[in-house]
Amino acid sequence: MPAKKTHNGSAAETETAFYDALNRADLEALMALWADDDEIVCVHPGGVRLIGHAAIRASWSAILEHGGLHILPSQLHETHTLMSSVHVVIEGATAASGEPAHLIATNVYAKTPKGWRIVLHHVSIAPGPAPQDTHSQILH
């Protein structure tokens, strides 16, 4: 039996793996990125607060049953300490009408013995056009 793939990268790498799993509708990969803590929290746009693995897994299962979400995160604003990292991103998506839409997501990661894991994912619908990235960095 093959060993279960583990993810031990940085918070940014965990975030990349999270959006990749959403886009591929891979529920197992998605849930493997969450902390083992019973107090993990997820709030979908316009939804209720979900606490714990069972509630979060059930919600993602229902959302992903028709396929991937095709979400592209951008404009990362990151605040971190040695043991936690808070990422606020703009999620680019396509609305049911076919029009481009954007959401604002807050993803909180905790450093655990298994690596960086999600402890909170909270997404809100954002009004108006997507904001321009005013904090762009040029890397040399």
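Below, the structure is looked at part by part. Keep in mind the model is a prediction, meaning the values are calculated, not measured. (Residues numbered from 1 in each chain as written. Predicted model: local features only at pLDDT ≥ 70, side-chain atom pairs only at ≥ 80, totals over all residues. Heavy atoms only, no water.)

### Thoughts on the overall build of the protein
Along the protein, the regular secondary structure elements total 3 helices and 6 strands. The order of α-helices and β-strands along the protein, N terminus first, is α-α-β-β-α-β-β-β-β. Burial analysis of the protein (140 residues in total) assigns 33% to the buried set. Pairs at least 24 apart in sequence give 44% of the contacts found in the protein among residues at least 6 apart. Element-wise, carbon and sulfur atoms account for 60% of the exposed surface of the protein, whose accessible area totals about 8800 Å². (Helix = DSSP H or I, 4+ residues; strand = E, 2+ residues; numbered from the N terminus. Buried < 20%, exposed > 50% of the residue type's maximum accessible area, 1.4 Å probe, protein only. Contact = heavy atoms within 4.5 Å. Areas by Shrake-Rupley, 256 points an atom, 1.4 Å probe, with all protein chains shown as cover.)

### Examining the pattern of salt bridges
This model, assessed by the stated rule, comprises 4 salt bridges. D20 serves as the salt-bridge partner of R24, at 2.8 Å between the closest nitrogen and oxygen. Taken together, the residues span about one helical turn, with R24 and D20 both in helix α1 (residues 11-24) at a distance of 4 residues. Residue classification places R24 among the partly exposed residues on the basis of a relative accessible area of 45%. Note that K114 and D36 form a salt bridge whose closest N and O atoms lie 2.9 Å from each other. Taken together, the residues K114 in the loop between β5 (100-112) and β6 (115-125) and D36 in the loop between α2 (27-32) and β1 (41-43) connect sequence positions 78 residues apart. Several salt bridges converge on common partners, so that one network encompasses D20, R24 and D26. (Salt bridge = Lys/Arg side-chain N within 4 Å of Asp/Glu carboxyl O.)

### Let's talk about the environment of S10
Tracing the backbone through its elements, the reader meets S10 in the segment before α1. Along the sequence, S10 and K111 sit 101 residues apart, while their C-alpha atoms lie 8.7 Å from each other.

### Considering helix α3 (residues 53-64)
End to end, α3 covers 16 Å across 12 residues, agreeing with the expected 16 Å (1.5 Å per residue, within 8%). Packing partners of the buried residues in α3 comprise α1, α2, β1, β2 (49-51) and β6. (Expected span 1.5 Å × (residues − 1).)

### Points about the nonpolar core
Membership of the largest hydrophobic core comes to 26 residues, with the highest contact counts inside it found for F18, Y19, L22, L30, W34, I56 and W60. Elements represented by at least two residues in this core include exactly α1, α2, α3, β4 (84-94), β5 and β6. For this core, the leading source of residues is α1, giving 5 residues. Every residue in contact with F18, bar those within four places of it in the chain, is listed here: L30, L33, W60, I118 and H121. (Core = buried A, V, L, I, M, F, W, Y, C linked by side-chain atoms within 4.5 Å.)

### Concerning α1
Spanning 14 residues, α1 covers 20 Å between terminal C-alpha atoms, matching the ideal 20 Å at 1.5 Å per step. Along α1, the residues classified as buried are A11, T14, E15, F18, Y19, A21 and L22. Buried residues in α1, looked at end-on, bunch into an arc of 155 degrees, giving them a common side. (Arc of directions from axis to C-beta.)

### Observations regarding the packing of aromatic side chains
Within this structure, the stated rule accounts for 2 aromatic pairs. A centroid spacing of 5.0 Å and a plane angle of 80 degrees characterise the contact between F18 and Y19, whose relative ring orientation is edge-to-face. Among the residues examined, Y19 registers a relative accessible area of 3% and is labelled buried. With a centroid separation of 6.1 Å and an interplanar angle of 80 degrees, the aromatic rings of F18 and W60 are classed as edge-to-face. In this pair, F18 is assigned in helix α1 and W60 in helix α3, connecting sequence segments 42 residues apart. Owing to a relative accessible area of 3%, W60 belongs among the buried residues under this scheme. These aromatic residues form a ring-pair network of at least three members: F18, Y19 and W60. (Phe/Tyr/Trp six-rings, centres within 6.5 Å; stacked < 30°, edge-to-face > 60°.)

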